[in-house]
Amino acid sequence: MGQPEPPAAGSVVCARCGTTAEGDTVPVTWLSSVEDGRRLRFCEGCARLHIRAIESRLDSLWW
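Keep in mind it's a predicted model, so treat the numbers as computed, not measured. (Residues numbered from 1 in each chain as written. Predicted model: local features only at pLDDT ≥ 70, side-chain atom pairs only at ≥ 80, totals over all residues. Heavy atoms only, no water.)

*Asks:* Can you break down the overall build of the chain residue by residue, with the values?
*Replies:* The number of helices and strands found in the chain is 2 helices and 2 strands. Seen in sequence order, the chain has helices and strands lined up from the N terminus as β-β-α-α. Taking contacts inside the chain between residues at least 6 apart in sequence as the whole, the part at least 24 apart equals 29%. About 5,100 Å² of surface is accessible on the chain, with carbon and sulfur atoms providing 50% of the total. (Helix = DSSP H or I, 4+ residues; strand = E, 2+ residues; numbered from the N terminus. Contact = heavy atoms within 4.5 Å. Areas by Shrake-Rupley, 256 points an atom, 1.4 Å probe, with all protein chains shown as cover.)

Printed below as a string of structure tokens:
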């Protein structure tokens, strides 16, 4: 089985599961977070799955 193709430069990738958004802009249904000075983006599925941890302001490392 081959390796998945790396995302194109400028594409938006979920920091949790690696899902790549179509286009080069963040979809409105995705969540953005700043942790340790880094901007992370999470797809709708990951955001929904971990909404309680997100609302509790836990870093994504705790999810």
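*Asks:* Quick rundown of the pairing of strand 2 (residues 38-42)? Include the residues and the values.
*Replies:* Sheet analysis places strand 1 (residues 31-35) next to strand 2, joined by 5 bridges and oriented antiparallel. Within strand 2, the position partnered with Leu 31 by the bridge is Phe 42. (Pairing = 2+ DSSP bridges.)

*Asks:* Kindly report on the state of the cysteines, identifying the contributing residues and their values.
*Replies:* With the rule as written, the count across this model stands at 0 disulfides. Left unpaired, Cys 17 is separated from the closest cysteine sulfur, that of Cys 43, by 3.7 Å. For Cys 17, a relative accessible area of 44% puts it in the partly exposed group. No disulfide involves Cys 46; its sulfur sits 3.7 Å from that of Cys 43, the nearest cysteine. Relative accessible area serves as the criterion here: at 8%, Cys 46 is assigned to the buried category. (Disulfide = S-S within 2.5 Å. Buried < 20%, exposed > 50% of the residue type's maximum accessible area, 1.4 Å probe, protein only.)

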